[in-house]
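Each chain, written out:
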Amino acid sequence: SSSSSSTQPVHFTGHTNFRLRLTLSLLSRKPILITSIRPNSTSPGLRDFEASFLRLIEKVTNGSKVEISYTGTAVKFLPGTLSGGSVTHDCGTSRGVGYFLEWVALLAPFCKKELSLTLKGVTTGGGEKGDMGADALRTVLLPVLAEFLPPATSLASPLELRIAKRGHFPLGGGEVFFRCPLLPNVSSAGTIDWTEPGKVKRIRGIASASRVSPAMANRLVERARKTLNRYVPDLYIFADVYRGDDAGKSPGFSLSLLTQSTTSSFHYAESHSTPGAVPEDVATSCVSSLLCSLAAAGGGCIPRGLQPHVLALMASSPEDVARVRIGGDGTQDDGGGLSAAAVQTMRDVEAVWGLRFLVRRVEGRAPRK
């Protein structure tokens, strides 16, 4: 086949779905051109975290080429080979490590060598940006990736994400280690079939605290249990307290909750402390988000925030029919449950791969416990 450099690049505009488009380019081996990146902003062009993501992509690949215009409002990306190996990257403090790992994790199974990735920075979400925290990455993103991988018994090494150090805003100082086994071959990839939401049977959670009193984590647990015990008897929230060098550079606390159903569907929520916040408010916010997500799910099998990731995995899996049931967000105009990011993901997949998704509305809501 002809090299990617001789292929006409796929043209995109705007900064939305920046990471997804780079991911699709690497998986399809097709070059892309992204223009009009914040042209009317007071600070036009790429942000520092987007440039950092490009540097991380260069570390996990071999032969990738990035051309950035003088103003930074246009980027041409020529994909190289996904090489993998041992990689360490400082993510800075503008965004959480979730911003970087969310999409690099999807590339990991296709690398030539097993990817062992160490990311340094903010581990507890992305503040107002909504990046996934390290706990949610481990309990939510990894199970999604595991559905795509062959059974764990046939893999040479486990899929894992380990939190070595907690890092809160604004100074960070956290560190996570991610390792993903390789696919024996592309055809060994699993086919996602998430169509049965089931009923919620258990709730699990992690209350973490760094550079604050351990009582903060206990207060998170107590307030969350006070509400959730009324819904599900099988409830366990683990208090995870970090001290010393492992506690990062800034004080803070956070709560991450995950529901698991009688099938493989799940939903999650997380909340992180801000200056002046008390644990009870953070716990109440997280519990409220979880219950609202469940109430608005409408029988969906995956969290709204992971719709683009699951759709991208469906597109990159073998030519079997992959299916997923997506719930609405409770509004009158919820696009049949598809988020705006998911709709844009479908358009980008069609632009790069020429694949189309069949979207069908399922009437009625599945009963929930």
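The preceding data block contains the structure.
This is a predicted model, so every value here is computed, not measured.

Student: So, the pairing of strand 12 (residues 200-210): which residues are in play, and what are the values?
Tutor: Where burial is concerned, most of strand 12 is hidden: 8 out of the 11 residues are buried. Bridge count for strand 12 against strand 14 (residues 252-261) is 10 bridges, and the pairing is antiparallel. Paired with R202 across the two strands is Q260, which belongs to strand 14. The pairing of strand 12 with strand 13 (residues 235-242) spans 8 bridges and is parallel. Bridge pairing in strand 13 places S210 opposite Y242.

Student: Requested: an account of the pattern of salt bridges, with residues and values cited.
Tutor: Think of it this way: side chains of opposite charge can pair up when their charged atoms draw near. Inspection of the entire model under this criterion finds 14 salt bridges. For the salt bridge of D193 with R323, the shortest nitrogen-to-oxygen distance reads 3.3 Å. Residue D193 is located in strand 11 (residues 193-194), and its partner R323 is located in strand 16 (residues 323-324); the two are separated by 130 residues in the primary sequence. In this structure, R219 and E280 form a salt bridge, with 2.9 Å as the shortest nitrogen-oxygen distance.

Student: Go over the sheet that holds strand 10 (residues 174-180) with me, naming the residues and quoting the values.
Tutor: As summarised here, the arrangement of the 4 strands in space is 7-8-10-9, forming an open sheet in which the pairing is mixed. The open sheet is flanked by strand 7 (85-90) and strand 9 (160-165), the only strands paired with a single partner. Averaged over all adjacent pairs, the angle separating strand axes in this sheet is 15°, with direction ignored. Strand direction decides the pairing type here: strand 8 (residues 115-121) and strand 10, joined by 7 bridges, are antiparallel. When the bridges of strand 10 are listed, T118 appears paired with F177. Across the sheet, helix 2 (residues 48-60) is in contact with strand 7 and strand 8; its angle to strand 7 comes to roughly 165°. The sheet contacts of helix 3 (residues 97-107) involve strand 7, strand 8, strand 9 and strand 10, and relative to strand 8 the element is tilted by about 165°.

Student: An account of the nonpolar core is requested, with residue identities and associated values reported.
Tutor: Membership of the largest hydrophobic core comes to 77 residues, with the highest contact counts inside it found for L117, L119, F178 and W194. With sequence-adjacent residues up to four places away left out, F178 is seen in contact with L101, A105, A108, L115, S116, L117, L142, L145, L159, E160 and L161. V221, V232, V282 and C286 belong to the second-largest nonpolar core, a separate cluster that totals 22 residues.

Criteria and cut-off values
- Residues numbered from 1 in each chain as written.
- Predicted model: local features only at pLDDT ≥ 70, side-chain atom pairs only at ≥ 80, totals over all residues.
- Heavy atoms only, no water.
- Buried < 20%, exposed > 50% of the residue type's maximum accessible area, 1.4 Å probe, protein only.
- Helix = DSSP H or I, 4+ residues; strand = E, 2+ residues; numbered from the N terminus.
- Pairing = 2+ DSSP bridges.
- Salt bridge = Lys/Arg side-chain N within 4 Å of Asp/Glu carboxyl O.
- Axes fitted to C-alpha atoms, helices over the stretch in contact; angles between N-to-C directions.
- Contact = heavy atoms within 4.5 Å.
- Core = buried A, V, L, I, M, F, W, Y, C linked by side-chain atoms within 4.5 Å.

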